[in-house]
Amino acid sequence: MSQKIAIIGGGNLGTAIAQGLIKSDFCNPADITITKRNLSTLKGELPKTVKITDDNVKAASDSDVIILAVKPFQVEGVMKTIAPVLTKKQVLISVITGVTVSDLKEMAQIELPVFRAMPNTAVAIQESMTCISYDNATDKQVQTVTKMFNTVGKVAVIDDKLMDAATVLGACGTAFALRYVRANIQGGIEIGFDAKTASLIAAQTVKGAAELLLSNNTHPEQEIDKVTTPKGCTIVGLNEMEHRGFSSSLIRGVITSYKKIAKD
Ligand SMILES: NC(=O)C1=CN([C@@H]2O[C@H](COP(=O)(O)OP(=O)(O)OC[C@H]3O[C@@H](n4cnc5c(N)ncnc54)[C@H](O)[C@@H]3O)[C@@H](O)[C@H]2O)C=CC1
Ligand SMILES: O=C(O)[C@@H]1CCC=N1
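Looking at an unreviewed UniProt entry, one finds the chain named Pyrroline-5-carboxylate reductase and attributed to Niabella yanshanensis. Under Sequence similarities (unreviewed entry), UniProt gives the following word-for-word description of the chain: "Belongs to the pyrroline-5-carboxylate reductase family." As stated in UniProt under Pathway (unreviewed entry), the record for the chain gives "Amino-acid biosynthesis; L-proline biosynthesis; L-proline from L-glutamate 5-semialdehyde: step 1/1."

Laid out in structure tokens, this is it:
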């Protein structure tokens, strides 16, 4: 029998997770309950059979897997209301930034399997990178949660201490990459393309570059060496970007996002 899944917080990420799980056939739409405070604003297309409610307690008590997808400052309030109905048979998964496994165990008040998963919004199209940490879970439960997120992209099981870093690299990273694509589109328009063609070229080129790394298991510089023809046009562009702080600005952005999590 397929598992009942409650997604507490049907916002950007919660909705994307539901979309990805449905697209990957991990579960039936009717097995998913999404909770929100304002039922009229669902972010993204979902089948009508997905249950939408503002009743967190009922959603949690009726589900085998509970995925917390509210904002960090909202988690304590949500956990206070659902903790009384949590049981050891259920699995609690949090995608919430900065809330550790031990924080979750304390709020849950019972010893149930607790996972953290850090996907990104590409989960909606089964292309997420999801880092997972956990405590109190059997091998079977780890396999189930890993399988859940493997059906919507790639998975790395990591120590909970690295989850803030995972949030930055694997989740904020989607926005970082898209900002790079947008800059390429702006440059593409300046050198003659219409916006639509520039967007297609910029997006597919970045997708292809990433696929080269994943398929060849290579380091970026190995693939860059295959593009930078000596005295060619690539290397002059790359060097100009580096002269203007390209890599340094990206590294500093990663560190800034990381420090923000630690500060909150
Ligand atoms: N958006 C992303 O790419 C990623 C987000 N995250 C984390 O996921 C969590 C959600 O992020 P987003 O989806 O971007 O935020 P969001 O603001 O789009 O979604 C949060 C949702 O929770 C709902 N909500 C708030 N309080 C609630 C309550 N008491 N009961 C039921 N629903 C409630 C809100 O109505 C909203 O729809 C955050 O903790 C964020 O740090 C983690 C990785 C990636
Ligand atoms: O920006 C945020 O705080 C969340 C965590 C990673 C992506 N969105």
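Structure shown, so let's carry the discussion forward.
A. Spatial organisation of the pairing of strand β8 (residues 153–157). Bridge analysis of strand β7 (residues 128–135) against β8 gives five bridges, and the strand direction is parallel. Counterpart to C131 in the pairing with β8 is A156. For the crossover from β7 across helix α5 (residues 139–150) to β8, the handedness is right-handed.

B. Up close: the site of ligand 2. Ligand 2 sits among T97, T167, A171 and C172. In terms of residue class, the shell around ligand 2 is built from two nonpolar, two polar and no charged.

C. Local environment of the sheet that holds strand β4 (residues 65–68). Reading across the sheet, the eight strands line up as β3-β2-β1-β4-β5-β6-β7-β8 and stay open at both edges, with mixed pairing between neighbours. This sheet does not close on itself; its edge strands, each paired only once, are β3 (51–53) and β8. Strand-to-strand twist of the sheet, defined as the mean angle between neighbouring strand axes without regard to direction, takes the value 20 degrees. Of the strand pairs in this sheet, strand β6 (residues 114–118) and β7 are connected by five bridges, and their pairing is antiparallel. In the sheet register, R116 faces β7, and the bridge partner there is S133. Relative to β4, helix α3 (residues 75–82) is tilted by about 155 degrees, and along the sheet it contacts β1 (5–8), β4 and β5 (91–94).

D. Quick look at a nonpolar patch on the surface. A cluster of nonpolar side chains, contributed by I191, F193, L200 and I201, occupies part of the molecular surface with about 420 Å² of accessible area. Examined against the element boundaries, I191 turns out to sit in the loop between α6 (163–190) and α7 (195–216). Classification of I191 as exposed rests on a relative accessible area of 69%.

E. Fine view of the domain arrangement of the chain. Taken domain by domain, the chain consists of domain 1 (5–158) and domain 2 (166–263). Computed from C-alpha atoms alone, the centre-to-centre distance between domain 1 and domain 2 is 31 Å. Each partner contributes residues to the interface: domain 1 has ten residues there, and domain 2 has seven residues. Both sides together, the interface formed by domain 1 and domain 2 hides about 610 Å², and carbon and sulfur atoms give 71% of it. Together, T97, M118 and N120 form the three largest contributors to the area buried by domain 1 at its contact with domain 2, with a combined 50%. For the interface between domain 1 and domain 2, the tally reads zero salt bridges. At the junction of domain 1 and domain 2, the tally comes to one residue pair in polar contact (both at pLDDT 80 or more). Class assignment of the residues belonging to the side of domain 1 that touches domain 2 gives a composition of five nonpolar, four polar and one charged.

F. Fine view of the environment of V181. Mapping V181 onto the fold places it in helix α6. Its relative accessible area of 11% is what places V181 among the buried residues. Expressed as a C-alpha distance, the spacing of V181 and I7, which sit 174 residues apart in the sequence, is 31 Å. Setting aside residues no more than four positions away along its own chain, V181 makes contact with A202, A203 and V206.

G. View of the site of ligand 1. Near ligand 1 you find 23 residues, and of these L13, N56, V70, K71 and T97 are the closest. G11 is positioned with one of its backbone polar atoms (N or O) 3.4 Å from an oxygen atom of ligand 1. Calculation on ligand 1 without its partners gives an accessible area of 820 Å², and the protein chains cover 83% of this total. Using a 2 Å cut-off from the grid points, one finds that ligand 1 occupies the second largest pocket. For the shell around ligand 1, the residue count by class is ten nonpolar, nine polar and four charged.

Criteria and cut-off values
The residue numbering used here restarts from 1 in each chain and proceeds along that chain's sequence as written. Here the convention is simple: chains get letters from A, ligands get numbers from 1, in the order in which they are written. Predicted model: local features are reported for residues with pLDDT of at least 70 only, side-chain atom pairs are reported and counted for 80 or more only, and whole-chain, interface and lining totals are derived from all residues. Values reported for side chains reflect all heavy atoms of the structure, with hydrogen atoms and water molecules removed beforehand. UniProt positions are given in the numbering used here, feature names are shortened, and annotations may be inferred rather than shown by experiment. We treat two strands as partners when DSSP finds at least two bridges between them. A helix here means a DSSP run of H or I that spans at least four residues, while a strand means a run of E at least two residues long, and both kinds are numbered starting from the N terminus. Crossovers are described as right-handed under a simple rule: with the strands pointing away from the observer, the path leading from the first strand over the helix to the second runs clockwise. Each residue is tested against the molecule or strand, and it is near if at least one of its non-hydrogen atoms lies within 4 Å. Under the grouping applied here, Gly and all other residues not named as nonpolar or charged are polar, the nonpolar ones being Ala, Val, Leu, Ile, Met, Phe, Trp, Tyr, Cys and Pro and the charged ones Asp, Glu, Lys and Arg. Lines are fitted to the C-alpha atoms to define the axes, a helix being fitted only along its stretch in contact, and any angle between axes, read from their N-to-C directions, falls within 0 to 180 degrees. Only heavy atoms enter the contact rule, under which two residues are in contact if any of them lie within 4.5 Å. Think of a patch as exposed residues, more than 30% relative accessible area, with no salt bridge, where like charges cluster within 9 Å and nonpolar side chains (Val, Leu, Ile, Met, Phe, Trp, Tyr) cluster within 5 Å. Using a 1.4 Å probe, accessible areas were evaluated by the Shrake-Rupley method; residue-level cover was limited to the displayed protein chains. Between Lys or Arg on one side and Asp or Glu on the other, a salt bridge is scored when a side-chain nitrogen of the former is within 4 Å of a carboxyl oxygen of the latter. Partly exposed describes any residue whose relative accessible area lies between the buried limit of under 20% and the exposed limit of over 50%, with all areas from a 1.4 Å probe on protein chains only and scaled to the type maximum. Domain limits in this description derive from either an automatic procedure or a database domain assignment. The term buried area refers to how much accessible surface (probe radius 1.4 Å) is lost by two components on association, counted for both of them together. Contacts described as polar in this section are N or O atom pairs within 3.5 Å, which, within protein, must combine one atom able to donate a hydrogen with one able to accept it, while residues neighboring in sequence count only if both atoms come from side chains. In the cavity and pocket records, a cavity denotes points on a 1 Å grid over the protein atoms alone where a 1.4 Å probe fits but cannot get out, a pocket denotes an open set with protein on both sides within 12 Å along at least 5 of 7 lines, and lining residues are residues with an atom within 4 Å of a point. For a cavity or pocket, the test is whether more than half of a molecule's atoms lie within 2 Å of its grid points; if they do, the molecule sits there.

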